[in-house]
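Secondary and tertiary structure notes
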Amino acid sequence: MVGCKSNQQKAGMAESNDKPTVTVTIPPYQYFVDKIAGDKVDVNVMVSNGNNPETYEPYAQQMMELSRSALYLKVGSIGFEQTWMKKLQDNAPDMKVIDTSVGIKPAKTPGGNIDPHVWMSCSNARIIASNILKALCELEPKNKAFFEKNYQSLLKIIDKRDSTIREGFKNHPEMVRKFVIYHPILTYFARDYQLEQLAIEEEGREPSAAQLKSLIERARKEKIKFCLIQAEFANRNTTTFIKESHTKPMNINPLQGDWNWAMQEAAAAVQGKKIVVGK
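Residues numbered from 1 in each chain as written. Predicted model: local features only at pLDDT ≥ 70, side-chain atom pairs only at ≥ 80, totals over all residues. Heavy atoms only, no water.

**What about the overall build of the protein?**
Counting secondary structure elements, the protein contains 10 helices and 8 strands. On C-alpha atoms alone, the protein measures out to a radius of gyration of 20 Å, which is about the 19 Å that the 2.2 N^0.38 rule sets for 279 residues. Each principal axis of the C-alpha distribution contributes one length, and for the protein these read about 70 × 35 × 30 Å. Residues classed as buried in the protein amount to 52% of the 279 residues present. Contacts spanning at least 24 positions in sequence make up 64% of the contacts within the protein whose residues lie at least 6 apart. Surface summary for the protein: the accessible area is close to 13700 Å², and the carbon and sulfur share equals 51%. (Helix = DSSP H or I, 4+ residues; strand = E, 2+ residues; numbered from the N terminus. Rg over C-alpha atoms; globule rule 2.2 N^0.38 Å. Buried < 20%, exposed > 50% of the residue type's maximum accessible area, 1.4 Å probe, protein only. Contact = heavy atoms within 4.5 Å. Areas by Shrake-Rupley, 256 points an atom, 1.4 Å probe, with all protein chains shown as cover.)

**A closer look at the packing of helix α2 (residues 27-37) against helix α6 (residues 144-170)**
Contact geometry for α2 and α6: axes closest at 7 Å, N-to-C directions at 130°. When the axes of α2 and α6 are compared, the pair comes out oblique. Residues Y31, F32, K35, I36 and A37 of α2 pack against F146, F147, N150, Y151, L154 and I157 of α6. Considered class by class, the residues forming the contact of α2 with α6 number 9 nonpolar, 1 polar and 1 charged. (Axes fitted to C-alpha atoms, helices over the stretch in contact; angles between N-to-C directions. Parallel < 35°, antiparallel > 145°, perpendicular 65-115°, else oblique. Nonpolar A, V, L, I, M, F, W, Y, C, P; charged D, E, K, R; others polar.)

**Describing the packing of helix α8 (residues 209-221) against helix α9 (residues 236-245)**
One way to put it is that α8 packs onto α9 with a least axis distance of 9 Å and a crossing angle of 35°. For the pair α8 and α9, the crossing hand works out as right-handed. Of α9, the residues touching α8 (which contributes L212, L215, I216, A219 and R220) are N237, T240, F241, E244 and S245. (Left-handed = near helix turned anticlockwise from the far one by under 90°.)

**What to know about the confidence of the model for the protein**
Put simply, the protein has an average pLDDT of 90, and 91% of its residues get 70 or more. Every residue in residues 1-16 scores below 50 in pLDDT, and together they form 24 contacts with partners more than four places removed in sequence or on other chains. (pLDDT = per-residue confidence, 0-100.)

**Overview of the sheet that holds strand β1 (residues 21-24)**
With respect to topology, 4 strands assemble into an open sheet ordered β2-β1-β3-β4, the strand pairing being parallel. Every other strand in the sheet has two partners, leaving β2 (42-45) and β4 (96-99) as the edge strands with one partner each. With strand direction ignored, the average angle separating the axes of adjacent strands in the sheet is 25°. Bridging between β1 and β2 involves 4 bridges; their strand directions are parallel. Each residue of the ladder has a partner; that of V24, found in β2, is V45. Along the sheet, helix α4 (residues 79-91) contacts β3 (69-74) and β4; its crossing angle with β3, the most-contacted strand, is approximately 165°. Along the sheet, helix α5 (residues 122-139) contacts β1, β3 and β4; its crossing angle with β3, the most-contacted strand, is approximately 170°. (Pairing = 2+ DSSP bridges.)

Laid out in structure tokens, this is it:
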């Protein structure tokens, strides 16, 4: 009996059922897995909503839970993965790791660094979903038809969100197509919709007084109206920028579990709109 239990855990099966466990780094990827896999897998999230995936450290219980995973679907090269991926693999040597960013054309932040936040883009989401589908079909080939049907439904959600965002920008040609954000998490979003993202911080480095002053002056000169804020990154520099540039703070949450809502929220924030849950 002990041997059977051990083998079951190695295969990535939860103790209470025969479903494989799939681990993802952040909540938006649980959204993709849930939409494709439905109830055929259990999903484990390493960095929960509200935590900073650039600096997060997993606790002991998470490492124990990770050992039951058959599959790890990583974002690509986000901070948590760069720091912890080897340790996670050492802790779960039988776990297969899939990079869901394969096939995505890299985009650079205002500071010239490759942006690892690939999920905030409808065009990227299609690629991510495709990579997840392939990994799930290899993990559970008996459910391939089920996964493929759900995948097609997910693509319709992505396409509809993309169309809605594009239509929203098209209906407001007069808007200033630039925005400021503390942490440059919307590089791919900006690329998709011909926007310009200006970042207060870059690669975890706080701006100097001169850099912050220069950005404030640019925002005033170019009549940039909005500063997008993530709760995980809000700080004194953000407050100073908003006050001195006379921009309006707009809250976004790209790390939340509802990817579709996060995309809608980001589009509304860039246009200075507040949206109501369920609309």
